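Analysis of the macromolecular model
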Amino acid sequence: MKKLLVVVDYQNDFVNGALGFPGADAIDAGIAKTAQHYLAAGDNVLFTFDTHGENYLESREGRALPVPHCLDGSEGWRLYGQVQALCCETCANHQIYQVKKATFGMAPADLVRLAEQIGDVREILVVGVVTNMCVISNAVMLQAQWPEAQITVDASLCLSFDPALHEKALDVMEGLQMSVVNRNKT
């Protein structure tokens, strides 16, 4: 049974850069540890990269969110902290995949290529930032690509700049028959 860990946009600009927010650094060690566990077990890890060009402000997203971020190849575009170190140490590993995405969710063509490379996936664990934007968008895209896979979202390894929207996004993902674990509901 193939498993896939998807680390969504855990990039410098979302942790301590242009769109960084308090607490985003706190999930670094947990994401890195989870990725190491997957790799040690022979499972696959996918890192998504929010990726924009110099014309970002002219895009639909840029007009709505006029904060340049994750410019392709910049320091803000790189993965954050221990997650970056892990990716660098194991980048030649055939179990690691990377997808650059120009908007909130991965493009269908990228998912088709990924499915051709990985094959049938039965369990997908989703972690990363921002829960109410890119995490939920990618979880839905993954569910469309692998409709029989169990999609699980680890709420303790996902964050948003807005705690209320984080919780609402988790509610929506549960409503889409995804499993949400490690949720600290108050």
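Summary of the structure given here. Computed from a predicted structure; not experimentally measured.

1. Looking at the nonpolar core
- Grouped together as the largest cluster of nonpolar side chains are 30 residues, with contacts concentrated most on Leu4, Leu46, Ile124, Val126, Leu142, Trp146 and Met173.
- By residue number, the principal contributor to this core is helix α6 (residues 131-145), which donates five residues.
- In this structure, Leu4 is in contact with Tyr38, Asn44, Val45, Leu46, Ile118, Val121, Glu123, Ile124, Leu125 and Trp146, ignoring residues within four places of it in sequence.
- The next biggest cluster of nonpolar side chains, apart from the first, holds 28 residues, and it includes Val7, Val15, Ile31 and Leu157.

2. Thoughts on the pattern of salt bridges
- Evaluation of the coordinates by the stated rule reveals 10 salt bridges.
- A salt bridge links Arg113 to Asp110; the shortest N-O distance between them is 2.3 Å. With Arg113 and Asp110 both in helix α5 (residues 108-118) and three residues apart, this pair spans about one turn of that helix.
- In this structure Arg113 comes out as partly exposed when scored by relative accessible area, which is 45%.

3. Some points on the packing of α5 against α6
- Two numbers describe how α5 lies on α6: the axes approach to 10 Å, and their chain directions differ by 55°. On the basis of their axis angle, the class for α5 and α6 is oblique. Two packed elements cross with a definite hand, and for α5 against α6 that hand is right-handed. Residues Pro108, Leu111, Val112 and Ala115 of α5 form the contact with α6, whose own contacting residues are Met141, Leu142 and Gln145.

4. Section: the packing of aromatic side chains
- According to the stated counting rule, one finds two aromatic pairs in the structure shown.
- Measuring from centroid to centroid gives 5.8 Å for Tyr10 and Tyr80, while their planes differ by 90°, and the two rings are edge-to-face. With Tyr10 in the loop between β1 (3-8) and α1 (12-15) and Tyr80 in the loop between α3 (60-64) and α4 (81-89), this residue pair connects regions lying 70 residues apart in the sequence. For the pair Tyr10 and Tyr80, one class covers both residues: buried.
- Aromatic side chains Phe49 and Trp77 sit 4.6 Å apart centroid to centroid with 25° between the ring planes, which places their arrangement in the stacked category. With Phe49 in strand β2 (residues 44-50) and Trp77 in the loop between α3 and α4, the pair connects residues that are 28 residues apart, well separated along the chain.

About the thresholds
- Residues numbered from 1 in each chain as written.
- Predicted model: local features only at pLDDT ≥ 70, side-chain atom pairs only at ≥ 80, totals over all residues.
- Heavy atoms only, no water.
- Core = buried A, V, L, I, M, F, W, Y, C linked by side-chain atoms within 4.5 Å.
- Buried < 20%, exposed > 50% of the residue type's maximum accessible area, 1.4 Å probe, protein only.
- Helix = DSSP H or I, 4+ residues; strand = E, 2+ residues; numbered from the N terminus.
- Contact = heavy atoms within 4.5 Å.
- Salt bridge = Lys/Arg side-chain N within 4 Å of Asp/Glu carboxyl O.
- Axes fitted to C-alpha atoms, helices over the stretch in contact; angles between N-to-C directions.
- Parallel < 35°, antiparallel > 145°, perpendicular 65-115°, else oblique.
- Left-handed = near helix turned anticlockwise from the far one by under 90°.
- Phe/Tyr/Trp six-rings, centres within 6.5 Å; stacked < 30°, edge-to-face > 60°.

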